[in-house]
Amino acid sequence: MIISPKEFYEKCYGNYAIAAVNVFTMEQIHGLFRAGEKANAPFLVQMTPVARNYAHPDMLLAMIEAASKIYHKAKYAIHLDHGTESHAFDAIDSGKYNSVMIDASHDDFQQNVRRTKLVVDKAHKYNVFVEAELGVLSGVEDDISIDEKSAKYTQPNEVEQFVESTNCDSLAVAVGTSHGAYKFSGGQGIQFNILEEIQQRLPNFPIVLHGGSAVNQEDVNRINACGGALSQGASGVSPNEIKKAISHGVCKINIATDTRILWARVNREFFWNTPELFDPIIPGKEYMDAYEQFMLEKFDLLRATGKAAQFI
Ligand SMILES: [Zn+2]
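Keep in mind the model is a prediction, meaning the values are calculated, not measured.

**Quick look at the coordination of the zinc ion**
His82 (NE2), His179 (NE2) and His210 (ND1) make up the full set of protein donors to the zinc ion, lying at 2.0 to 2.2 Å. Considered as a linear motif, the donors of the zinc ion on their single chain read H-x96-H-x30-H. Placement of His179 in the loop between strand 8 (170-173) and helix 8 (192-201) and of His210 in the loop between strand 9 (207-209) and helix 9 (217-225) is noted, with a sequence separation of 31 residues between them. We note that His179, like His210, is buried.

See the structure below:
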């Protein structure tokens, strides 16, 4: 059942967060919807332009629609992650998206405002929610690649003017998280002083955290034990940071890297341990089960388990 993101954020603000999970494949959509239904937890299913190119936008939407029939108690919304104007307009025109992100965060302030407002003006006519971004996250995800020197924390003194000028509905901020598997290599973590000031300046306004994966070191070690070569020792966002971020107005936490690391771990171990096998459905089933378990734990961490009962 589709619920408006606006309703999600009004209910969760300050208490729990909505997991916004990037999907590329059928296995991930099964794992996500199955876990959402089992945990009775609300969630956002989101797609980047790269995911839409990989599977085809219609294919992803058709699989999500099928999942909502198979797991008919799941409560969710559909979101476009990291769109440009043309992606956002395409998503709005499809009539299938409840929410879009316009990512003009790499532009200067005025240009970011102009581009964001253009999307907001169209989206609001169709009752579509808009997430914008201020500040620049470092890291690598899909076709985004920003080195640490080019990253820029969100300036709290800009947030009120940005939200007022664009009329966006939620704001993604750069407060120390980064995209990809090599987060916090300098060990700096989330800058709560910045997050706190943003919350004070935008009371009750939903804040979004990109790069919210935990990067499980046990999974990284297991990948490397089966022939992988991932760098070790770059931790993700800790459970304590997640809890603290929720109390500071973070309503949506993006999760992508963790589900990819999980995929690599399941498949590497499977083919390493049974090199004589070649059938995709055996590791595919293992991945779906592992994904479900991973999401059940994530919903608990975000305190979202059971919260779908708030939406009828
Ligand atoms: Zn992101």
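**Observations regarding the packing of helix 2 (residues 26-39) against helix 12 (residues 281-301)**
Interhelical geometry of helix 2 versus helix 12 gives an angle of 40° and a closest axis separation of 8 Å. When the interaxial angle is binned, helix 2 and helix 12 end up oblique. Here helix 2 runs over helix 12; the crossing is right-handed. From helix 2, Glu27, Gln28, His30, Gly31, Leu32, Arg34, Ala35, Gly36, Lys38 and Ala39 reach across to helix 12, where they touch Gly284, Tyr287, Met288, Asp289, Tyr291, Glu292, Met295, Leu296 and Phe299. Partitioned by chemical class, the residues of the contact of helix 2 with helix 12 number 9 nonpolar, 5 polar and 5 charged.

**Notes on unusual backbone geometry**
Not every positive phi belongs to a glycine, and His56 is a case in point at roughly 90°. Within the fold, His56 resides in the loop between helix 3 (49-55) and helix 4 (57-70). In the Ramachandran plot, Val215 falls in the positive-phi region, its phi being about 50° despite a non-glycine side chain. Within the element layout of this structure, Val215 appears in the loop between strand 9 and helix 9.

Rules and cut-offs
- Residues numbered from 1 in each chain as written.
- Predicted model: local features only at pLDDT ≥ 70, side-chain atom pairs only at ≥ 80, totals over all residues.
- Heavy atoms only, no water.
- Donors = N, O, S within 2.8 Å, 3.2 Å for Na, K, Ca; no water.
- Helix = DSSP H or I, 4+ residues; strand = E, 2+ residues; numbered from the N terminus.
- Buried < 20%, exposed > 50% of the residue type's maximum accessible area, 1.4 Å probe, protein only.
- Axes fitted to C-alpha atoms, helices over the stretch in contact; angles between N-to-C directions.
- Parallel < 35°, antiparallel > 145°, perpendicular 65-115°, else oblique.
- Left-handed = near helix turned anticlockwise from the far one by under 90°.
- Contact = heavy atoms within 4.5 Å.
- Nonpolar A, V, L, I, M, F, W, Y, C, P; charged D, E, K, R; others polar.

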